[in-house]
Amino acid sequence: YQTLYGRYLSYYTLDVMAQYYTSFGNTYVSELRAFNYKQTDVETEFYNIWCKMYNNISNVNNILENLDNISASSLKYYPIYKGEALGLRAFMHFDLLRIFSEQITQNPEAAGIPYATQFSLTAPEFLKAKDVYASGVNAMATSPLLARTESALLPPLCSAGRLFSPFLTSLVME
């Protein structure tokens, strides 16, 4: 599937913007390299990135709300599921922030993005970049703590964070 991390956010769109490569005769690539965000194909791609990321965030929020509706003791790996979901939601918000906002170290007061924490058809308000960052950091601080509580339940080969997503692995391992 060639959306989000299958293409656009891994090796294609962002790499073209970073000027890592070009494709002569490809209007889309030329316009993207020139940061012409109003060109139809470029605008459509960023619109799709925005929509698909928030769709994924909504799915994660649905998982979190459903986890909150069950007893933690009734699901063997409950803390791992919850920790992974919190971490994944923060990760996706960080990616959206780096793509659609100013560099936070240059302007923490810049307009950021909505930080969605509920499964809803109503979009949350836009936050400042520093507030999005703080929300994500808080979630990431909670995420490995939840996952770490269940380390005794993991098979030996999955200990030390090997079961977790790559971005969580570095946080889980000490």
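Keep in mind that this is a model prediction, so the values were computed, not measured. (Residues numbered from 1 in each chain as written. Predicted model: local features only at pLDDT ≥ 70, side-chain atom pairs only at ≥ 80, totals over all residues. Heavy atoms only, no water.)

A. The arrangement of the packing of helix H3 (residues 40-68) against helix H4 (residues 78-100) in detail. The geometry of H3 relative to H4 is characterised by a closest axis approach of 10 Å and an angle of 160° between their N-to-C directions. The orientation of H3 relative to H4 falls into the category roughly antiparallel. Where H3 crosses over H4, the handedness of that crossing is left-handed. A breakdown of the residues in the contact of H3 with H4 according to their chemical character gives 19 nonpolar, three polar and four charged. (Axes fitted to C-alpha atoms, helices over the stretch in contact; angles between N-to-C directions. Helix = DSSP H or I, 4+ residues; strand = E, 2+ residues; numbered from the N terminus. Parallel < 35°, antiparallel > 145°, perpendicular 65-115°, else oblique. Left-handed = near helix turned anticlockwise from the far one by under 90°. Nonpolar A, V, L, I, M, F, W, Y, C, P; charged D, E, K, R; others polar.)

B. Spatial organisation of the nonpolar core. Judged by nonpolar contacts, the single largest core of 33 residues is most densely connected at Leu 9, Leu 32, Phe 46, Ile 49 and Met 53. Elements that contribute at least two residues to this core include exactly helix H1 (13-17), helix H2 (27-33), H3, H4 and helix H5 (129-148). Here the element with the most residues in this core is H3; it accounts for eight residues. For Leu 9, the residues in contact, after removing those within four places along its chain, are Leu 4, Leu 14, Ile 49, Met 53, Asp 95, Arg 98 and Ile 99. (Core = buried A, V, L, I, M, F, W, Y, C linked by side-chain atoms within 4.5 Å. Buried < 20%, exposed > 50% of the residue type's maximum accessible area, 1.4 Å probe, protein only. Contact = heavy atoms within 4.5 Å.)

C. The packing of aromatic side chains, seen in detail. In total, this model carries ten aromatic pairs according to the counting rule given. Ring plane angle 70° and centroid distance 6.4 Å describe the contact between Tyr 11 and Tyr 12, whose orientation is recorded as edge-to-face. By relative accessible area, which is 12% here, Tyr 12 ends up buried. Between Phe 35 and Tyr 37 the ring centres are 6.4 Å apart and the planes differ by 55°, which places this aromatic pair in the tilted class. A relative accessible area of 40% places Phe 35 in the partly exposed class. Take Tyr 37: its relative accessible area is 37%, and that puts it in the partly exposed class. Among the aromatic residues, those joined into a cluster by ring pairs are Phe 35, Tyr 37, Phe 46, Trp 50, Tyr 54, Phe 100 and Phe 126. (Phe/Tyr/Trp six-rings, centres within 6.5 Å; stacked < 30°, edge-to-face > 60°.)

D. Broad picture of unusual backbone geometry. Phi angles above zero are rare outside glycine, and Gln 19 is one such case at about 70°. With respect to the helices, strands and loops of the structure, Gln 19 is situated in the loop between H1 and H2. Positive phi is not limited to glycine here, since Phe 35 has a value of about 60°. Locating Phe 35 in the fold gives a position in the loop between H2 and H3.

E. Quick peek at H3. In a regular helix each residue adds 1.5 Å, so 29 residues correspond to 42 Å; H3 covers 42 Å between its end C-alpha atoms and thus fits that length. For H3, every residue scored as buried is listed here: Val 42, Glu 45, Phe 46, Ile 49, Met 53, Tyr 54, Ile 57, Ser 58, Val 60, Asn 61, Leu 64 and Leu 67. Of the surrounding secondary structure, the elements contacted by the buried residues of H3 are H1, H2, H4 and strand S1 (111-114). Sitting at the head of H3, Gln 39 places a side-chain oxygen 3.0 Å from the backbone nitrogen of Asp 41. (Expected span 1.5 Å × (residues − 1). Polar contact = N/O pair within 3.5 Å; in protein donor to acceptor, adjacent residues only side chain to side chain.)

F. Summary view of the environment of Gly 83. Looking at the element boundaries, Gly 83 is found in helix H4. Along the sequence, Gly 83 and Leu 64 sit 19 residues apart, while their C-alpha atoms lie 9.6 Å from each other.

G. How the structure looks around the side chain of Asp 15. With respect to the secondary-structure elements, Asp 15 resides in helix H1. Despite its burial, Asp 15 pairs with no opposite charge, the nearest such side chain being Arg 98 at 7.9 Å. (Lys, Arg positive; Asp, Glu negative; His and termini not counted. Salt bridge = Lys/Arg side-chain N within 4 Å of Asp/Glu carboxyl O.)

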